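# Summary of the model geometry
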Amino acid sequence: MTEVAVKVDHVTKSFRLYHERNQSLKSAVMRGRTSVHDTFLALEDVTLDVPMGSTFGLIGSNGSGKSTLLKCLANIYYPNSGTITHFGKIAAMLEVGSGFHAELSGRENIFLNGSILGMTKKEVTKKLDEIIDFSGVEQFIDQPVKNYSSGMYVRLGFAIAINVDPDILVVDEVLAVGDGEFQEKCFQKFRDFKAAGKTVILVSHSMETVEAMCDYAAWLNRGTLEIVGPAAPTIRAYLDTLPTGA
Ligand SMILES: Nc1ncnc2c1ncn2[C@@H]1O[C@H](COP(=O)(O)OP(=O)(O)OP(=O)(O)O)[C@@H](O)[C@H]1O
Ligand SMILES: [Mg+2]
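What you see is a predicted model; the values in this text were computed from it and never measured.

## Considering the domain arrangement of the protein
Entries for the protein in the domain assignment read domain 1 (1-20 + 46-88 + 167-246) and domain 2 (100-166). Here the C-alpha centre of domain 2 lies 24 Å away from the C-alpha centre of domain 1. Taken together, the contact pairs 11 residues of domain 1 with eight residues of domain 2. Of all the secondary-structure elements, those providing two or more residues to the side of domain 1 that touches domain 2 are β6 (168-171) and α6 (180-195). When residues in the side of domain 1 that touches domain 2 are grouped by element, the largest group, three residues, is from α6. Split into classes, the residues belonging to the side of domain 1 that touches domain 2 amount to seven nonpolar, one polar and three charged.

And the structure:
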């Protein structure tokens, strides 16, 4: 039996959607403490196993719950019910800029992020040159990251995440922000990860990327899992539901 890196077991995550924001002080007072909201299920009873050492793609339309699932994996969100278990150290590269402090320099953010991801100051110092080198933003490393371009953010964030040496690397769509050369560098890193027996979970809207990189894929549709299995047939099933030409 294949070993499992991440076990997602009957995970449901809901959000409250508030309506009728108070238009005036009077209406706020009249309503008192009651608030009007719907419960929106971003993930509904999702169960899947990510095999250890695999590259695993998450696909689905905008708003289908992919990022929500990644945030649950990274312990940023907690499921309302169900459990997520991961075996090994996890590093996540989520939205552009998440985990960065805008006023701090690139260098300071490397230390901040490294420590959030569980590295000691000594470990970060040891890897500093490698991180800066991989990021390719050396010239701007002492500038506050608020002045970085989106691509520069992603480069630095990814450089940190891979140098933490995780067993499981979780990457949201962000790589699409990087240029072709950087994307190729990242894909090479994914291959290296795989060769080292590590697990990569990635979200992408590029079916070519998922098909080229992933062994398995899971297709989320409005918060529910449609299919999980080998990448190629899962991608085909998803594409079959899209209007032609999309
Ligand atoms: N913190 C939140 N509060 C309320 N709703 C949220 C929150 N986070 C996500 N959602 C909702 O959950 C749904 C799924 O969002 P999610 O970001 O997981 O989608 P996605 O599959 O990553 O989409 P995309 O391809 O556009 O990145 C959306 O309808 C979104 O509005
Ligand atoms: Mg998303």
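There is more to say, and it comes next.
## Some points on the sheet that holds strand β3 (residues 55-59)
Read across the sheet, six strands follow the order β5-β6-β7-β3-β8-β9 without closing on themselves; strand pairing throughout is mixed. Either end of the sheet is taken by a strand with one partner, and the two such strands are β5 (90-93) and β9 (224-230). The average angle at which neighbouring strand axes cross in this sheet is 15 degrees, direction not considered. Pairing between β6 and strand β7 (residues 199-203): four bridges, direction parallel. Each residue of the ladder has a partner; that of Ile168, found in β7, is Thr199. In the packing of helix α2 (residues 66-73) onto the sheet, the strands contacted are β3, β5, β6, β7 and β8 (216-221), and the crossing angle to β7 comes to about 145 degrees.

## Things to note about the site of ligand 1
Around ligand 1, the surrounding shell consists of Phe15, Ala42, Gly60, Asn62, Gly63, Ser64, Gly65, Lys66, Ser67, Thr68 and Glu173. Here the shell around ligand 1 takes three residues from α2, the largest share from any one element. Of the residues that constitute the shell around ligand 1, the class distribution is two nonpolar, seven polar and two charged.

## With respect to the pairing of β3
In terms of burial, β3 is largely enclosed, as five of its five residues are buried. Residues Thr55, Gly57 and Ile59 point to one face of β3 and Phe56 and Leu58 to the other, with burial holding for every one of them. In the sheet, β3 pairs with β7 via four bridges, with the strands oriented parallel. If you follow Thr55 over to β7, its bridge partner there is Val200. Alignment of β3 against β8, held across four bridges, turns out to be parallel. Among the inter-strand pairings, Ile59 is bridged to a residue of β8, identified as Trp219.

## Here's the deal with helix α5 (residues 150-163)
With 14 residues, α5 ought to run about 20 Å at 1.5 Å a step, and its terminal C-alpha atoms sit 20 Å apart, in line with that. With 12 of 14 residues buried, α5 is to be regarded as a mostly interior element. Buried within α5 are the following residues: Met152, Tyr153, Val154, Arg155, Leu156, Gly157, Phe158, Ala159, Ile160, Ala161, Ile162 and Asn163. Packing partners of the buried residues in α5 comprise β5, α3 (106-116), α4 (121-135), β6 and α6. Phi turns positive one or two residues past the end of α5, at Asp165, with a value near 60 degrees.

## Some remarks on the packing of α4 against α5
The description of two packed helices rests on the angle between their axes and on the distance between the axes. As a packed pair, α4 and α5 sit with axes 8 Å apart at the nearest point and diverge in direction by 140 degrees. By the angle class used here, α4 and α5 are oblique. Crossing of α4 against α5: the hand is right-handed. When α4 is examined against α5, the residues Lys127, Glu130, Ile131, Phe134 and Ser135 are found in contact with a partner set consisting of Arg155, Leu156, Ala159, Ile160 and Asn163.

About the criteria used
- Residues numbered from 1 in each chain as written.
- Chains lettered and ligands numbered in written order.
- Predicted model: local features only at pLDDT ≥ 70, side-chain atom pairs only at ≥ 80, totals over all residues.
- Domains from an automatic or database assignment.
- Contact = placed C-beta atoms within 7 Å.
- Helix = DSSP H or I, 4+ residues; strand = E, 2+ residues; numbered from the N terminus.
- Nonpolar A, V, L, I, M, F, W, Y, C, P; charged D, E, K, R; others polar.
- Pairing = 2+ DSSP bridges.
- Axes fitted to C-alpha atoms, helices over the stretch in contact; angles between N-to-C directions.
- Near = placed C-beta within 6 Å.
- Buried ≥ 20, exposed ≤ 12 C-beta atoms within 10 Å, placed from the backbone.
- Expected span 1.5 Å × (residues − 1).
- Parallel < 35°, antiparallel > 145°, perpendicular 65-115°, else oblique.
- Left-handed = near helix turned anticlockwise from the far one by under 90°.

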